[in-house]
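Residues per chain, in single letters:
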Amino acid sequence: MNSPSTHTGARGTLERLLPVALIVGAVLVAVDVVWTFTLAPLVQGAQLSEPTVIGGMQVTTKLLLSQKIFYLHVPVAVASFAVMAFAAFFAVRFLMTKDRAYDVRSKTAMEVVLVFIVATMISGDLWTYFEWGVWWVWEPRLTTYFILMLLVIGYFILRNAIDDPERRARFCAVFGIVAFIDAPISFMITRLVPSSIHPVVFRTDSGLPPMMLIPFLLGLFGMLLVAFALYRIAHRINADALEVEELKRALEEQDAQASRAAADEALGRLRATGAHMMAGDADAAPADDDSATPRHDATATDVSQAKED
Amino acid sequence: MDPILAEVYSTVLPAAPYVIGAYVGIWLVLMVYVLVLSRRAKHTSDDIETLREALKRREEKDAR
């Protein structure tokens, strides 16, 4: 596979598609939200004390509004898993190629992952508090997702702790890949642990009616497009920032080299002057010993004069 | 209101602030990230401008 720097044509196409992806994503999510609160039916909760008829339909359970969080909470969570997969992929590519462009991509993807994880956590916690009466439950899905959040935060702590760019990129790539292992575990945990009380959305037998499935899918694709657009925008900014930092470093190195060269030149001149004077001093010394002291004084004065020059 | 209907919708109104909070929270987090990105972009463009000026000064100095 070619280096990212050689993908100019593909990158140009992606850049052109970026505003389209953002707008389409935002529109899909907006349609999802409107559909959720207008057309999507309320799901059924606890049993009523006695059945009743509403709009010609028999109702035997309470109706739940809190479930509507699911239409945006799940797409955001799925987007966080998807972007994390890309972050790990770029980390693997970095380890294979040592191309720092992949490190920037991986870091950018991790940023987007953190944003989506925080959004998932906020919406999920509000649902948890309303439905379960507590802000937090050490339930398998919540726990593994919380670990994922800690790992992503740890990734950025590690990034800021290492100064050497090469080591930082290598260590963070390895850490990112290891952190990604938790993503599929968190995604699958509700199926792997039967005692999990977290609702399961992705099931072959979920049987969501079209009026609920369509807004969910709109939200899912919309949020994936928004995540992609955010990633591309952030990547462009991060790549520019990295380039600026490298240019600054190159300019500073150039300045330092110029200063060192000027200092070396001055030192050379000084040494030449000193040597010249010492040679003159040595020539004159055997002729008259008494005159040695004033001559040394004169040499010292000349050297200090040369230094000042 | 019919007591049965009141029971049917008993959890709808209490849940509304949480549902609205969840939707607003998600958009707020995304907006904050966009804000951070725009500030970072501005910072980068300021840096580019500074570098450009430094380069110009250097070229003028070299020319003299």
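Attention in this report is confined to the structure presented alongside it. This one's a predicted model, so the numbers in the text were calculated from it and none came from an experiment.

**Overview of the interface of chain B and chain A**
Then comes step 1: At the junction of the two partners, chain B supplies 31 residues and chain A supplies 51 residues.
Then comes step 2: Summed over both partners, the interface of chain B with chain A buries about 3600 Å², with 77% contributed by carbon and sulfur atoms.
Then comes step 3: Of all residues in chain B, Tyr18, Tyr23 and Tyr33 of chain B give up the largest surface area on contact with chain A, accounting jointly for 19% of the area buried on that side.
Then comes step 4: Counting every contact that joins chain B to chain A gives three salt bridges.
Then comes step 5: With its nearest N and O atoms 3.3 Å apart, the salt bridge here joins Asp47 of chain B to Lys248 of chain A.
Then comes step 6: Linking chain B with chain A are ten residue pairs in polar contact (both at pLDDT 80 or more), by the criterion used here.
Then comes step 7: Breaking the side of chain B that touches chain A down by element, the ones donating at least two residues are α1 (3-8) and α2 (12-63) of chain B.
Then comes step 8: A per-element tally of the side of chain B that touches chain A places α2 of chain B first, with 24 residues.
Then comes step 9: Of the residues belonging to the side of chain B that touches chain A, the class tally is 22 nonpolar, five polar and four charged.

**Some details on the pattern of salt bridges**
Residues and elements named next belong to chain A.
Then comes step 1: As enumerated under the stated definition, the model contains twelve salt bridges over all chains in all.
Then comes step 2: A salt bridge links Glu15 to Arg236; its shortest N-O distance comes to 2.4 Å. Note that Glu15 is positioned in helix α1 (residues 8-38) and Arg236 in helix α7 (residues 210-284), a separation of 221 residues in sequence.
Then comes step 3: Taking the relative accessible area as the measure of exposure, Glu15 reaches 22% and is therefore partly exposed.

**Notes on the nonpolar core**
Then comes step 1: By size, the foremost hydrophobic cluster in this structure holds 66 residues, and its most contacted members are Met84, Phe116, Ile117 and Met223 of chain A.
Then comes step 2: Residue assignment for this core shows that the elements contributing at least two residues are α1, α2 (70-97), α3 (100-132), α4 (140-161), α5 (165-180) and α7 of chain A together with α2 of chain B.
Then comes step 3: No other element matches α2 of chain A, which puts 15 residues into this core.
Then comes step 4: Among the nonpolar cores identified, the runner-up in size contains five residues, and Leu48 and Leu63 of chain A together with Ile4 and Val8 of chain B belong to it.

**Examining the packing of α3 of chain A against α2 of chain B**
Then comes step 1: Where α3 of chain A contacts α2 of chain B, the two axes come as close as 8 Å, and the packing angle between them is 165°. Relative to α2 of chain B, the element α3 of chain A is oriented roughly antiparallel. Classified by chirality, the crossing of α2 of chain B by α3 of chain A is right-handed. Seen from α3 of chain A, the contacting residues are Thr108, Glu111, Val112, Val115, Phe116, Val118, Ala119, Ile122, Ser123, Leu126, Tyr129 and Phe130 of chain A; seen from α2 of chain B, they are Pro14, Ala15, Tyr18, Gly21, Ala22, Gly25, Ile26, Val29, Leu30, Tyr33, Leu37 and Arg40 of chain B.
Then comes step 2: Tallied by class, residues from the contact of α3 of chain A with α2 of chain B come to 18 nonpolar, four polar and two charged.

What counts, and where the lines are drawn
- Just so you know, the residues in each chain are numbered from 1, in the order the chain's sequence is written.
- Labels follow written order: the first chain is A, the first ligand is 1, and so on.
- Thresholds applied to this predicted model are a pLDDT of at least 70 for local features of residues and 80 or more for the giving and counting of side-chain atom pairs; totals over whole chains, interfaces and linings are not thresholded and use all residues.
- Processing note: side-chain calculations cover all non-hydrogen atoms of the structure and skip hydrogens and water entirely.
- Any two residues whose heavy atoms approach within 4.5 Å are treated as being in contact.
- The term buried area refers to how much accessible surface (probe radius 1.4 Å) is lost by two components on association, counted for both of them together.
- The working definition used for a salt bridge is a side-chain nitrogen of Lys or Arg within 4 Å of a carboxyl oxygen of Asp or Glu.
- Counting of polar contacts relies on pairs of N or O atoms within 3.5 Å, with two restrictions inside protein: one atom must be capable of donating a hydrogen and the other of accepting it, and residues adjacent in sequence are counted only when both atoms are side-chain atoms.
- The helix and strand labels rest on DSSP assignments: H or I over at least four residues marks a helix, E over at least two residues marks a strand, and numbering proceeds from the N terminus.
- For this classification, the nonpolar set comprises Ala, Val, Leu, Ile, Met, Phe, Trp, Tyr, Cys and Pro, the charged set comprises Asp, Glu, Lys and Arg, and every other residue, Gly included, is treated as polar.
- Only protein chains enter the calculation, and the probe is 1.4 Å; a residue is then buried if its accessible area is under 20% of its type maximum, exposed if over 50%, and partly exposed in between.
- For the purposes of this section, nonpolar cores are sets of buried Ala, Val, Leu, Ile, Met, Phe, Trp, Tyr and Cys residues that join through side-chain atoms within 4.5 Å.
- Angles run from 0 to 180 degrees between N-to-C directions of axes, and those axes are lines fitted to C-alpha atoms, restricted for helices to the stretch in contact.
- We call two directions roughly parallel when the angle between them is under 35 degrees, roughly antiparallel when it is over 145, roughly perpendicular when it lies between 65 and 115, and oblique otherwise.
- For any helix crossing, the convention is left-handed if the near helix is rotated counterclockwise from the far helix by under a right angle, and right-handed if that rotation is clockwise.

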